[in-house]
Amino acid sequence: MKFARLYFTPMDISLVIPLYNEAESLPELCAWIKRVLDAQGYSYEIILVDDGSNDNSWAVIQSLKNDIPEISGIRFRRNYGKSAALNVGFEAAQGDVVITMDADLQDSPDEIPVLFQRIKEENLDVISGWKKKRYDPLTKTIPTKLFNAVTRKMSGIHNLHDFNCGLKAYKNEVVKSIEVYGEMHRYIPVLAKWAGFTQIAEQVVEHRARKYGTTKFGFSRFVNGFLDLLSIFFVGKFAKRPMHFFGTMGMLSFLGGLAITIWLIVDKLTDISKGLAYRNVTDQPLFYIALVAIIVGFQLFLTGFIAELVSRNAPERNHYHIGDKV
Ligand code: UDP
Ligand code: MG
């Protein structure tokens, strides 16, 4: 990877911009980016990933490329989602610093130089934007607060207020080490942290009201977002050793059930031996609870075994993120 990059002229910034039906915004956005970056004298590329738009976004990209040679366009045949678009953009990015932003002009290109300089000067891995003052409806801002609080708690990244901000900057190495799929774009800082990139900071950014078009995510973003959070944690923690999770749970459940059953039997036998009145084991509700615990425990155990077999077959089972070598 590093070797291949020697052949490219070094480039400061790759902008990765996923877009779905944003034709009206694109000319303004690209002109603005060009204005800001040319003024700073950076070398850069603008990677526009058209996520299967069905307006004329792609035609607009093609015509923009004639005026702005730094633009490169990638087009999906159908709509795969923002995460997929980012992932493809990340694969293509050559710049030292990779900056993502939304195409709807809600993020301001004026923030780019600050993000770039902070990554360079503070030697950061990730800077996440924080839309401190938002121009979104309340139905979005309130669940977002809750979502961020949960993510902070679960990820242990306590210094971020706004995980889902589209405007973020990364060291090139970070985006090459992570894989964004499903709706994981909300958790890229978490993915980066799991991959061993811990220098994560935040930058307050300006947020603007959407000028053209409408939002592409409905209320389902919160449900899906939460489920994705669970998968991230499970995969991050246990993907390489599923038996440790399922085996522990299964064993606890199985042993608990077994202990209760044995106790019920012993209790009955001692009552008999003392000549006391006794209850049949099968007459006691506790016995059925114990039975369920044994069955569930056994199934969890089997799930662990099967998951272990699956992960043994995963091609990336021995894929680790190596930071440095001497
Ligand atoms: N987007 C995308 N694919 C999708 C949905 C959205 O590439 O399936 C892009 C969209 O064009 C925009 C960015 O992702 O550039 C953020 O989307 P949006 O502005 O609708 O989200 P919001 O600002 O409401 O969170
Ligand atoms: Mg938006």
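These remarks concern the structure in this document. (Residues numbered from 1 in each chain as written. Chains lettered and ligands numbered in written order. Predicted model: local features only at pLDDT ≥ 70, side-chain atom pairs only at ≥ 80, totals over all residues. Heavy atoms only, no water.)

**A few points about the layout of surface pockets**
In this structure, the largest pocket encloses a volume near 960 Å³. Along the walls of the largest pocket sit 27 residues, with Val235, Ala239, Lys240, Glu316 and His321 positioned nearest its centre. For the lining of the largest pocket, the leading source of residues is helix H9 (residues 220–238), giving 5 residues. Tallied by class, residues from the lining of the largest pocket come to 12 nonpolar, 7 polar and 8 charged. One number sums up the size of the second largest pocket: a volume of about 770 Å³. Forming the boundary of the second largest pocket are 40 residues, of which Lys82, Thr215, Lys216, Phe217 and Arg221 lie nearest the centre. If you list the elements that add at least two residues to the lining of the second largest pocket, you get strand E1 (13–19), helix H6 (138–155) and H9. (1 Å grid on protein atoms, 1.4 Å probe; cavity = no way out; pocket = protein on both sides within 12 Å on 5 of 7 lines; lining within 4 Å. Points joined across faces, edges and corners; volume = space filled by probe spheres on them. Helix = DSSP H or I, 4+ residues; strand = E, 2+ residues; numbered from the N terminus. Nonpolar A, V, L, I, M, F, W, Y, C, P; charged D, E, K, R; others polar.)

**Here we look at empty space enclosed by the protein**
In the structure shown here, the tally under the stated rule is 1 cavity of 30 Å³ or more. Every residue lining the largest cavity is counted, 13 residues in all, and those nearest its centre are Lys82, Leu86, Thr100, Cys165 and Gly166. Those elements that place two or more of their residues in the lining of the largest cavity are helix H4 (82–92) and strand E6 (168–171).

**Things to note about the site of ligand 1**
In the neighbourhood of ligand 1, 18 residues make up the surrounding shell, with Glu22, Asp51, Asp104, Thr215 and Lys216 lying closest. Between ligand 1 and Thr215, the relevant distance is 2.5 Å, taken from an oxygen atom to a side-chain nitrogen or oxygen of the residue. When ligand 1 sits alone it has 530 Å² of accessible area, and the protein chains cover 94% of it. Taken atom by atom, the bulk of ligand 1 overlaps the second largest pocket. Class assignment of the residues belonging to the shell around ligand 1 gives a composition of 5 nonpolar, 4 polar and 9 charged. (Near = heavy atom within 4 Å. Polar contact = N/O pair within 3.5 Å; in protein donor to acceptor, adjacent residues only side chain to side chain. Areas by Shrake-Rupley, 256 points an atom, 1.4 Å probe, with all protein chains shown as cover. Sits in = over half its atoms within 2 Å of the grid points.)

**As for the packing of helix H2 (residues 26–40) against helix H3 (residues 57–67)**
Where H2 contacts H3, the axes come no closer than 10 Å and their chain directions differ by 35 degrees. By crossing handedness, the relation of H2 to H3 is classed as right-handed. Every residue of H3 that contacts H2 at Leu26, Pro27 and Cys30 is listed here: Ser57, Val60, Ile61 and Leu64. Counted by class, the contact of H2 with H3 contains 6 nonpolar, 1 polar and no charged residues. (Axes fitted to C-alpha atoms, helices over the stretch in contact; angles between N-to-C directions. Left-handed = near helix turned anticlockwise from the far one by under 90°. Contact = heavy atoms within 4.5 Å.)

**Structural notes on the coordination of the magnesium ion (ligand 2)**
Protein coordination of the magnesium ion (ligand 2) is provided by Asp104 (OD) and Gln106 (OE1), with donor distances spanning 1.8 to 1.9 Å. On the basis of relative accessible area, Gln106 is assigned to the buried category, the value being 9%. (Donors = N, O, S within 2.8 Å, 3.2 Å for Na, K, Ca; no water. Buried < 20%, exposed > 50% of the residue type's maximum accessible area, 1.4 Å probe, protein only.)

**As for the packing of aromatic side chains**
Counted according to the given criterion, the structure contains 12 aromatic pairs. Pairing Trp194 with Phe233 gives two aromatic rings, centres 6.2 Å apart and planes at 70 degrees, and the pair type is edge-to-face. In this pair, Trp194 sits in helix H8 (residues 188–194) while Phe233 sits in helix H9, placing the two residues 39 residues apart along the sequence. Given the relative accessible area of 11%, Phe233 is considered buried. Ring centres of Phe234 and Phe245 lie 5.0 Å apart, and the angle between their planes is 80 degrees; this geometry places the pair in the edge-to-face category. A residue pair is termed long-range when its members are at least 10 positions apart, and Phe234 in helix H9 and Phe245 in helix H10 (residues 242–273) qualify at 11 residues. Owing to a relative accessible area of 26%, Phe245 belongs among the partly exposed residues under this scheme. Feature note: the residues Phe234, Phe238, Phe245 and Phe246 constitute an aromatic cluster, connected by ring pairs. Stacked on the ring of Phe217, the Lys or Arg Arg186 has its end atom at 5.7 Å from the ring centre. (Phe/Tyr/Trp six-rings, centres within 6.5 Å; stacked < 30°, edge-to-face > 60°. Lys NZ or Arg CZ within 6 Å of the ring centre and 35° of its normal.)

Any functional reading would require information beyond the geometric quantities listed.
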